[in-house]
Amino acid sequence: MAAKKSVLVVGHGLIGHSFIEKLVERHADFEISVLREEPRPAYNRVMLTQYFENKDADKHDAMKLSYVSEAELKELSVKLIYGRAMAIDREARSVSYTMLGKGEEGSSSVSYDVLVLATGSFCFVPTVPGMTLPEKKNVHWPDDPASRPEGVFVYRTIEDLEGLLTAAKAGANRAVVIGGGLLGLEAAKAVYDLKMESHVLEMAPYLMPTQLNEPAGTVLTQKIQALGISVHVGVQIKEIAHTEDGKVRGILILEKGADTLVLLECDL
Ligand SMILES: Cc1cc2nc3c(=O)[nH]c(=O)nc-3n(C[C@H](O)[C@H](O)[C@H](O)COP(=O)(O)OP(=O)(O)OC[C@H]3O[C@@H](n4cnc5c(N)ncnc54)[C@H](O)[C@@H]3O)c2cc1C
């Protein structure tokens, strides 16, 4: 009997998981593996802000964010590998990855007959001085969260939100959000709900410039400011200032119409 063909899915977000579900539903005769860099099976990223509704919950499952558990994947005979894909050898049909499972380190590789890349997108992070610490720079992964100053997060994963909550519990009380679009405002609401002094920086002349026109964006700016969140529009971000031991301490900005730089101090 011929050996089963193997399908390797890289990335276990909404798309990677939907693909696996469809493949399983069709009873296709494949050995399925999924390589995932986040430390838990796929969950609903769109509902991420709900994570703040129950800050003390131990498990994201409690908030119904999860699409599937490790046990369910096992039942479906889907092999879940925690790791970050680093290189594809198309000739040898194998993917090498950095191992990220509990207690694992180093690298390994997994072979495939069919490779599916479902790696999604990544957050745009402005490449201003101070955003990456030279001593922590990762040449293989320019967007490596570990290369940023402590206290600098993107708003994308459960780990990012846990980082925000941990920082809040440790006493962080001033937060600056870069980006006044949909996700920036969600992030601003999150830090506002954590009782932090909150600022939003938007380089366009008004908030949500992709979705709104100027009059609507200006009304929104006024509404957000009325909540007690400081909105800075038409602002330029010049540098992320950090302490000698690599903790964020502020953002150097040029406010609209100003000719001198200002350090907006922050903990996050
Ligand atoms: C807070 C928030 C709210 C959102 N709200 C909405 C909304 O209301 N409406 C909407 O349409 N969209 C929304 N989005 C966007 C939506 O989440 C994405 O469009 C959707 O998640 C895309 O699914 P995906 O599976 O393609 O990618 P992702 O969800 O990004 O999943 C890709 C996975 O692949 C992993 N990966 C990447 N590279 C590698 C690698 N080299 N090795 C291993 N794994 C890797 C990533 O870590 C990730 O886990 C929101 C996003 C966020 C963060």
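Numbering of residues begins from 1 in every chain and follows the order in which that chain's sequence is written. Totals for whole chains, interfaces and linings use all residues, but because this is a predicted model, local features are given only for residues with pLDDT of at least 70 and pairs of side-chain atoms are given and counted only at 80 or more. Neither water nor hydrogens contribute to the side-chain values; these are computed over all heavy atoms in the structure.

Going by the annotation in an unreviewed UniProt entry, the name recorded for the protein chain is FAD/NAD(P)-binding domain-containing protein, with Polarella glacialis given as the source organism. According to its UniProt record, the protein chain has this under Cofactor (unreviewed entry): "siroheme". UniProt, in the comment section headed Pathway (unreviewed entry), describes the protein chain in these words: "Nitrogen metabolism; nitrate reduction (assimilation)." UniProt positions are given in the numbering used here, feature names are shortened, and annotations may be inferred rather than shown by experiment.

J.: Provide a residue-level description of the packing of aromatic side chains, including the pertinent values.
T.: Ring pairs shown here join Phe, Tyr and Trp side chains whose ring centres sit within 6.5 Å, with only the six-membered ring taken for Trp; geometry is labelled stacked below 30 degrees between planes, edge-to-face above 60, and tilted in between. In total, this model carries 0 aromatic pairs according to the counting rule given. Here, over-ring charges are defined by two tests on the NZ atom of lysine or the CZ atom of arginine: distance to the ring centre within 6 Å, and angle to the ring normal within 35 degrees. One residue, R84, lies across the ring of W141, its end atom 3.9 Å from the ring centre.

J.: I'd like to hear about the sheet that holds strand β1 (residues 5-10), residue by residue, with values.
T.: Spatially, 6 strands are ordered β5-β4-β3-β2-β1-β6 in an open sheet, and the strand pairing comes out mixed. Unpaired on one side and paired on the other, β5 (107-111) and β6 (114-117) mark the two borders of the sheet. Taking each pair of neighbouring strands and ignoring which way they run, the sheet shows an average axis angle of 40°. Two strands make a pair as long as DSSP finds a minimum of two bridges between them. Think of it this way: any DSSP run of H or I at least four residues long counts as a helix, any run of E at least two long counts as a strand, and we number them from the N terminus. Relative to β6, β1 runs parallel, the two being bridged by 4 bridges. Note on geometry: axes are C-alpha line fits, over the in-contact stretch for helices, and angles between N-to-C directions span 0 to 180 degrees.

J.: For the nonpolar core, give the residues involved together with the corresponding values.
T.: Throughout, nonpolar core names a set of buried Ala, Val, Leu, Ile, Met, Phe, Trp, Tyr and Cys residues whose side chains join them through atoms within 4.5 Å. The buried label applies to any residue whose accessible area, calculated with a 1.4 Å probe on protein chains only, is under 20% of its type's maximum; exposed applies above 50%, and partly exposed to all values in between. Membership of the largest hydrophobic core comes to 29 residues, with the highest contact counts inside it found for F52, Y155, M196 and L268. Contributions of two or more residues to this core are made by α3 (158-169), β7 (174-178), α4 (182-193) and β9 (230-233). Boundaries between domains were set according to an automatic or database domain assignment. Inspection of this core shows a minimum of three residues originating in each of domain 1 (5-117) and domain 2 (134-265). When checking whether two residues touch, look at their non-hydrogen atoms; a contact exists if any pair is within 4.5 Å. For L268, the residues in contact, after removing those within four places along its chain, are G151, F153, L164, A167, A172, R174, A175, V176, M196 and V248.

J.: Now, about the site of the ligand: what can you tell me, with residues and values included?
T.: Surrounding the ligand, one finds 23 residues, the nearest of these being I15, E37, E38, A85 and R156. N or O atoms within 3.5 Å of each other form a polar contact, as long as, within protein, one can give a hydrogen and the other can take it, and as long as residues adjacent in sequence are counted only when both atoms are side-chain atoms. In the model, a nitrogen atom of the ligand is placed 2.9 Å from a nitrogen or oxygen of the A85 main chain. The set of elements that each furnish at least two residues to the shell around the ligand consists of α1 (14-25), β2 (30-36) and β3 (78-89). Sort the elements by how many residues they give to the shell around the ligand and β3 lands first, with 3 residues. Residue type decides the class: Asp, Glu, Lys and Arg count as charged, Ala, Val, Leu, Ile, Met, Phe, Trp, Tyr, Cys and Pro as nonpolar, and the leftover types, Gly among them, as polar. Classifying every residue of the shell around the ligand gives 10 nonpolar, 7 polar and 6 charged. Two domains share the shell around the ligand, each providing at least three of its residues, namely domain 1 (5-117) and domain 2 (134-265). We call a residue near a given molecule or strand whenever any one of its heavy atoms falls within 4 Å of it.

J.: Go over the pairing of β1, please, and point to the residues and values.
T.: Most of β1 sits out of view: 5 of its 6 residues are buried. Sheet analysis places β1 next to β2, joined by 6 bridges and oriented parallel. Bridge pairing in β2 links L8 to S33. Here a crossover is taken to be right-handed if, once the strands point away from the viewer, the path from the first strand over the helix to the second is traced clockwise. Regarding topology, α1 serves as the crossover connection from β1 to the parallel β2, and that connection is right-handed.

J.: Any details on the domain arrangement of the protein chain? Residues and values, ideally.
T.: Where interface size is quoted, it is often the accessible area lost as the parts come together. Partitioning the protein chain into domains gives domain 1 (5-117) and domain 2 (134-265). Computed over C-alpha atoms, the centres of domain 1 and domain 2 are 30 Å apart. Contact residues are listed per partner, giving 16 residues for domain 1 and 15 residues for domain 2. The term salt bridge refers to a side-chain nitrogen of Lys or Arg lying within 4 Å of a carboxyl oxygen of Asp or Glu. Linking domain 1 to domain 2 there are 1 salt bridge. Considered class by class, the residues forming the side of domain 1 that touches domain 2 number 7 nonpolar, 2 polar and 7 charged.

J.: Mind laying out the sheet that holds strand β8 (residues 197-202), listing which residues take part and the relevant values?
T.: Reading across the sheet, the 3 strands line up as β7-β8-β9 and stay open at both edges, with parallel pairing between neighbours. Each edge of the sheet is formed by a strand with only one pairing partner; in this case those strands are β7 and β9. In this sheet, adjacent strand axes meet at a mean angle of 15° when their direction is disregarded. Pairing of β7 with β8 involves 5 bridges; the strand directions are parallel. Across the sheet, A175 pairs through a bridge with S198, a residue of β8.

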